[in-house]
Amino acid sequence: MPRFRAILDTMPPYKPGRAVVSPDGRSYKLSSNESPYDPLPSVVEAIAGGARQINRYPDPGAVKLTEAVAERFDVPAAHVALGPGSVTVAQQLFEAMGEPGTEVVYAWRSFEAYPLLADLAGVTSVRVPLADEDHDLDAMAEAINERTRMVLVCNPNNPTGTSIRRAELEAFLDRVPGDVLVVLDEAYREYVRDADVPDGLTLYRDRPNVCVLRTFSKAYGLAGLRVGYLIGHEPVAAAVRKTTLPFAVNHLAQVAAVASLQAEDELLERVDIVVKERTRVREALIAQGWVVPPTEANFVWLRLGDRTLDFAEACAVEGVSVRPFAGEGARVSIGEPEANDAFLTAASAFRR
């Protein structure tokens, strides 16, 4: 029998959101924070055109997409690094920054991939409990020591949807030593409407130890193609590029991401619709008697404790899949109105 790394025996597998079907055949997937909308026609057209070149390897440097991202956010192209989804870019950061004996600090609960990536990289996780469903930045700053290589700040936080305000985040960044990398994970940035929640790209420019992670999977609706990116100072972006597998971002993904940036105004109109639905769903849940944290993402969070799995099953009866975290709570994506209504029906019945 081959001998594998011992850490694999203790690692739980990543659990993707699942789909369910009600007894009468309804199925609404609100478990993965995906866009509920089909790709834009212009993006589909670009993908169809790109399909004629899939006999060739993709551009290994993703030059056109790198330049498009750099132009969109007014940053140097050397500050951009790409990967097949922001979670893979995060993995590349772990490979570039981490080694046995080093530590990474992050809030918990936060994005469930963080501990898996840390374990695979041989890095020790330092999990700092949330305070009122949000990052406890004071406690996170106090957790940093000489072994800390990296700090992950998910803003808005997944799965709670809560966000950190500018003054609080800037004060935290001022406390982090310059040789510790702070990763602002902004996978849901496009859904933020609170003007006091800072855009990480306004913070990284004069802070060499700060970088920003974003994705095309959520607001841009390219979850099936896997495109993510990092924006950081040149040494950080260069380190990520060194740990990227050759041809990691496939040709169709590159083509679709460029087309999505070109159609951004139309895409963001869809984001506005999701944000309005987010408000409607949260207000309806509060009216039912639920406690729902303010959310700046495309999902809501319900702290359910021991009732979490029962709640998920009750939603499944209505054909609605949610993302349960056993013993903690459930994250529910915002979908199309019909799906949201089905969820609200299930939530109301469970509440009663």
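Source: prediction; values computed, not measured.

Peer 1: Before we move on, could you go through the nonpolar core and cite the residues and values that matter?
Peer 2: Where a protein is soluble and globular, its nonpolar side chains tend to be buried together. Counting 53 residues, the largest nonpolar core has Leu65, Phe172 and Phe216 as its most contacted members. Broken down by element, the residue count for this core peaks at seven residues, all from helix H9 (residues 251-262). Once you skip the residues sitting within four places of it in the chain, Leu65 turns out to touch Leu82, Phe216, Val227, Gln254, Ala257, Val258 and Leu261. Formed by 32 residues, the second largest nonpolar core is a distinct cluster that contains Trp290, Val300, Leu302 and Leu344.

Peer 1: Help me get a handle on the state of the cysteines, residues and values and all.
Peer 2: One pass over the full model with this rule turns up zero disulfides. Residue Cys154 stays outside any disulfide, its sulfur separated by 13 Å from that of Cys211, the closest cysteine.

Peer 1: Before we move on, can you summarise helix H3 (residues 86-97) with the specific residues and values?
Peer 2: For H3, built from twelve residues, the straight-helix expectation of 16 Å at 1.5 Å per residue is met to within 8% by its first-to-last C-alpha distance of 16 Å. Three or more residues of H3 are buried, namely Ser86, Val89, Ala90, Gln92, Leu93 and Phe94.

Peer 1: Pulling in residues and values, what's your account of helix H1 (residues 41-50)?
Peer 2: Every buried residue of H1 is listed here: Val43, Gly49 and Gly50. Seen from one end, H1 has its buried residues packed into an arc of 125°, which puts them on one side. Every exposed residue of H1 that faces more than 90 degrees away from the buried side is listed here: Pro41 and Glu45. Check the buried side of H1 and you find it contacts H9.

Peer 1: So what's going on with the environment of Pro76? Residues and values would help.
Peer 2: Mapped onto the elements of the fold, Pro76 is located in the loop between helix H2 (63-73) and strand S2 (80-83). Once the C-alpha coordinates of Pro76 and Leu181 are considered, the two residues, 105 residues apart in sequence, prove to be 19 Å apart. Beyond its immediate stretch of four places on either side in the chain, Pro76 contacts Ala70 and Tyr204.

Peer 1: Could you give an account of the side chain of Asn157, with specific residues and numbers?
Peer 2: On the secondary structure map, Asn157 appears in the loop between strand S5 (148-154) and helix H6 (166-175). At a separation of 2.6 Å, a polar atom in the side chain of Asn157 contacts the side chain of Ser110. Apart from the residues lying within four places of it in its own chain, the contact partners of Asn157 are Arg109, Ser110, Leu130, His135, Thr162 and Phe299.

Peer 1: So what's going on with the sheet that holds strand S4 (residues 124-129)? Which residues, and what values?
Peer 2: The mixed open sheet is built from seven strands, whose spatial order is S2-S8-S7-S6-S5-S3-S4. Edge positions in the sheet fall to S2 and S4, since each has one partner strand and no second. If you compare each strand with its neighbour and ignore which way they point, the axes differ by 25° on average. With six bridges joining them, strand S3 (residues 103-108) and S4 adopt parallel strand pairing.

Peer 1: Give a description of the pattern of salt bridges that names residues and reports values.
Peer 2: Taken as a whole, this structure holds 19 salt bridges when the rule is applied. Put simply, Asp138 and Arg175 hold a salt bridge, and the shortest N to O gap is 3.1 Å. Within this pair, whereas Asp138 is found in helix H5 (residues 137-143), its partner Arg175 is found in helix H6, the two being separated by 37 residues in sequence. On the basis of relative accessible area, Arg175 is assigned to the partly exposed category, the value being 44%. Among the charged side chains, a network of salt bridges with common partners joins Glu103, Glu146 and Arg147.

Peer 1: Describe the sheet that holds strand S12 (residues 329-333), listing the residues and the values that go with them.
Peer 2: Spatially, the three strands line up as an open sheet ordered S9-S12-S11, and their pairing is antiparallel. This sheet does not close on itself; its edge strands, each paired only once, are strand S9 (299-303) and strand S11 (323-325). Between one strand and the next, the sheet's axes are offset by a mean angle of 15°, whatever the strand orientation. Two elements, S9 and S12, share five bridges in a ladder whose sense is antiparallel. Note that in S12 the partner of Phe299 across the bridge is Ser333. Sheet contacts for helix H11 (residues 308-317): S9, S11 and S12; angle to S11, the most-contacted strand, approximately 165°.

Thresholds, definitions, all that
Residues numbered from 1 in each chain as written. Predicted model: local features only at pLDDT ≥ 70, side-chain atom pairs only at ≥ 80, totals over all residues. Heavy atoms only, no water. Core = buried A, V, L, I, M, F, W, Y, C linked by side-chain atoms within 4.5 Å. Buried < 20%, exposed > 50% of the residue type's maximum accessible area, 1.4 Å probe, protein only. Helix = DSSP H or I, 4+ residues; strand = E, 2+ residues; numbered from the N terminus. Contact = heavy atoms within 4.5 Å. Disulfide = S-S within 2.5 Å. Expected span 1.5 Å × (residues − 1). Arc of directions from axis to C-beta. Polar contact = N/O pair within 3.5 Å; in protein donor to acceptor, adjacent residues only side chain to side chain. Pairing = 2+ DSSP bridges. Axes fitted to C-alpha atoms, helices over the stretch in contact; angles between N-to-C directions. Salt bridge = Lys/Arg side-chain N within 4 Å of Asp/Glu carboxyl O.

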